[in-house]
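What follows is each chain in one-letter form.
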Amino acid sequence: MFSFLVLLTILGGVLLYAGTAGVLLLFPPKSKKVTAEDIGTALVSQDLPDLPALSKYKARDGNELEYRYYPAKDSPDKPVFILLHGISTDGKYLHSLANRITQKGMAHVYVPNLRGYGEQPRRRGDIDYIGQLEDDLSDLIRFIHMDHPSMPIALGGHSAGGGTALRLLSGKYGSLIDACLLLSPALSTSSLIHKKGKATKLVSLSLPRLIGLMMLNKIGVETLNGLPVMIINKQGETLDRTETLSLSYRLLTSRMPPLRYESSMQALPGTSLVLVGERDEEFAAGSCFPLFPLHTDADVEVLPGLTHDGMLISEETFRRIEAWWNKLDWLT
């Protein structure tokens, strides 16, 4: 009888746990209309007349994924720099930065459109499983080494691209990366760098659904990970129909370091650089500056007067990147 009561109690606890998680899934993210004034973000435009054509590489599951390639000017024997885009737009907005790096002959640059993003993804805003982006990036590195054998690899990321870079570095593929550049990197929502107020209007996150899916994943239930948990509230006049404005749980999770982000920061090579704009609308530069040195030997610099996206086309940003790159002397 006692054993039966224990079994009944355990079963009741499991049903209560799963039922609570199930109820939380009933709260989807809700989009809302915003203006530039609402979110305090100045629009940054770039001319893209010389944007490289999209190429493709084959991932381990047989799918072909997009990337753009920028060869180093007059310098075939140079290291490789992979640049990762942010949460809603594919890699073309990194064009100015990629172009500057290659025109200076610093490196060959690859800018992938991550799975779930790009011109015509198989499933926009979704992937097959948590961690698939890391697998895709390791496949990209293997593909790159076919053309650039034995060349060092640097990984750069802007915003959520920085979060994805941190996730890769702290996992089983971290040894593939020799240096890292983080531009206003996203950490988990539990970190202190995320601003409140205007910046949060850009994103609608269903915290109940996020928690519910985390609960289910804790007990091995992953079948509902394709449910959307985040919506990006971008203005209609800024859209070109290639944005990814709804993210599933498994894609969002794959774009960020874990909740205990400190371990990801500790995985940063000492050869890394972190840059944050002083006027960044999404992340607090004053919090980034003391936070990173607590967990990593990477250089951390705040760029005076620069915004979250404005830093990507700033001469000062490129000057700092070039100085850091040259100081590495390329990892002799």
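Above: the structure in question.
Source: prediction; values computed, not measured.

**Looking at the overall build of the protein chain**
Step number 1: Each helix and strand counted, the protein chain has ten helices and eleven strands in total.
Step number 2: Counting the 332 residues in the protein chain, one finds 50% classified as buried.
Step number 3: Restricting the contact set of the protein chain to residue pairs at least 6 apart, pairs at least 24 apart contribute 79%.
Step number 4: For the protein chain, the exposed area adds up to about 15,600 Å²; of that, 57% sits on carbon and sulfur atoms.

**Some thoughts on the packing of aromatic side chains**
Step number 1: Applying the stated criterion across every chain yields a total of eight aromatic pairs.
Step number 2: Ring geometry for Tyr 57 against Tyr 67: centres 6.2 Å apart, planes inclined by 55 degrees, an arrangement best described as tilted. Taken together, the residues span a long stretch of sequence, with Tyr 57 in strand E1 (residues 55–58) and Tyr 67 in strand E2 (residues 64–70) at a distance of ten residues. Just as Tyr 57 is buried, Tyr 67 falls in that class too.
Step number 3: Judged by centre distance (6.4 Å) and plane angle (55 degrees), the ring pair of Phe 81 and Trp 324 falls under tilted. Of this pair, Phe 81 sits in strand E3 (residues 80–84) while Trp 324 sits in helix H10 (residues 315–328); the two residues are 243 residues apart in sequence, bridging distant segments of the chain. Of the two residues examined, Phe 81 and Trp 324, each falls in the buried class.
Step number 4: For Arg 100, the ring lying beneath its charged end belongs to Phe 318, and the centroid distance is 4.1 Å.

**Quick notes on helix H4 (residues 132–147)**
Step number 1: The end-to-end C-alpha distance of H4 is 24 Å, a good match for the 22 Å that 16 residues give at a rise of 1.5 Å each.
Step number 2: Burial in H4 covers these residues: Gln 132, Leu 133, Glu 134, Asp 135, Asp 136, Leu 137, Ser 138, Asp 139, Leu 140, Ile 141 and Ile 144.

**What about the nonpolar core?**
Step number 1: In terms of nonpolar packing, the biggest core is built from 56 residues, with Ile 82, Ile 87 and Leu 268 touching the most fellow members.
Step number 2: For Ile 82, the residues in contact, after removing those within four places along its chain, are Tyr 110, Pro 112, Leu 140, Ile 141, Ile 144, Ile 153, Ala 154, Leu 155 and Gly 156.
Step number 3: Counting residues in hydrophobic clusters, the runner-up holds 27 residues, among them Phe 81, Leu 83, Met 311 and Trp 324.

**Let's talk about the layout of surface pockets**
Step number 1: Within this model, the second largest pocket holds a volume of roughly 260 Å³.
Step number 2: Around the second largest pocket, the lining is made up of 17 residues, and of these Glu 64, Leu 65, Gln 120, Pro 121 and Arg 122 lie nearest the centre.
Step number 3: Residue composition of the lining of the second largest pocket, grouped by class: five nonpolar, four polar and eight charged.

**Some remarks on the pattern of salt bridges**
Step number 1: Tallying each qualifying case throughout the model produces 19 salt bridges.
Step number 2: The partner of Asp 128 in a salt bridge is Arg 115, and the shortest N-O contact between them spans 4.0 Å. A residue pair is termed long-range when its members are at least 10 positions apart, and Asp 128 in the loop between strand E4 (108–112) and H4 and Arg 115 in the loop between E4 and H4 qualify at 13 residues.
Step number 3: With relative accessibility at 8%, the residue Arg 115 sits in the buried group.
Step number 4: With its nearest N and O atoms 2.5 Å apart, the salt bridge here joins Arg 320 to Glu 316. Residue Arg 320 and its partner Glu 316 are both found in helix H10; the two are separated by four residues, about one turn of the helix.
Step number 5: For Arg 320, a relative accessible area of 18% translates into the label buried.
Step number 6: Here the residues in one salt-bridge network are Asp 61, Arg 115, Arg 122, Arg 123, Asp 126, Asp 128, Asp 136 and Arg 250, joined through shared partners.

**Quick look at the environment of Trp 325**
Step number 1: Take Trp 325: it is sitting in helix H10.
Step number 2: With relative accessibility at 3%, the residue Trp 325 sits in the buried group.
Step number 3: Residues Trp 325 and Met 106 lie 219 residues apart in sequence; the distance between their C-alpha atoms is 7.8 Å.

**What to know about the sheet that holds strand E9 (residues 246–248)**
Step number 1: Here three strands make up an open sheet; going across it, the order is E7-E8-E9 and the pairing antiparallel. In the strand order of this sheet, the two ends are held by strand E7 (203–205) and E9, each with one partner. The mean inter-strand angle of the sheet, taken between neighbouring strand axes irrespective of direction, is 20 degrees.
Step number 2: In this structure, E7 lies alongside strand E8 (residues 228–232), joined through three bridges in antiparallel fashion. Within E8, the residue paired with Leu 205 across the bridge is Met 230.

**Concerning empty space enclosed by the protein**
Step number 1: Per the stated rule, a full pass over the model turns up one cavity of 30 Å³ or more.
Step number 2: Lining the largest cavity are Leu 83, Leu 84, Leu 94, Gly 156, Gly 157, His 158, Leu 181 and Leu 183.
Step number 3: For the lining of the largest cavity, the secondary-structure elements that each account for two or more residues are E3, strand E5 (153–158) and strand E6 (179–183).
Step number 4: If one sorts the elements of the lining of the largest cavity by residue count, E5 sits on top with three residues.
Step number 5: For the lining of the largest cavity, the residue count by class is five nonpolar, three polar and no charged.

Definitions and cut-offs
- Residues numbered from 1 in each chain as written.
- Predicted model: local features only at pLDDT ≥ 70, side-chain atom pairs only at ≥ 80, totals over all residues.
- Heavy atoms only, no water.
- Helix = DSSP H or I, 4+ residues; strand = E, 2+ residues; numbered from the N terminus.
- Buried < 20%, exposed > 50% of the residue type's maximum accessible area, 1.4 Å probe, protein only.
- Contact = heavy atoms within 4.5 Å.
- Areas by Shrake-Rupley, 256 points an atom, 1.4 Å probe, with all protein chains shown as cover.
- Phe/Tyr/Trp six-rings, centres within 6.5 Å; stacked < 30°, edge-to-face > 60°.
- Lys NZ or Arg CZ within 6 Å of the ring centre and 35° of its normal.
- Expected span 1.5 Å × (residues − 1).
- Core = buried A, V, L, I, M, F, W, Y, C linked by side-chain atoms within 4.5 Å.
- 1 Å grid on protein atoms, 1.4 Å probe; cavity = no way out; pocket = protein on both sides within 12 Å on 5 of 7 lines; lining within 4 Å.
- Points joined across faces, edges and corners; volume = space filled by probe spheres on them.
- Nonpolar A, V, L, I, M, F, W, Y, C, P; charged D, E, K, R; others polar.
- Salt bridge = Lys/Arg side-chain N within 4 Å of Asp/Glu carboxyl O.
- Pairing = 2+ DSSP bridges.
- Axes fitted to C-alpha atoms, helices over the stretch in contact; angles between N-to-C directions.

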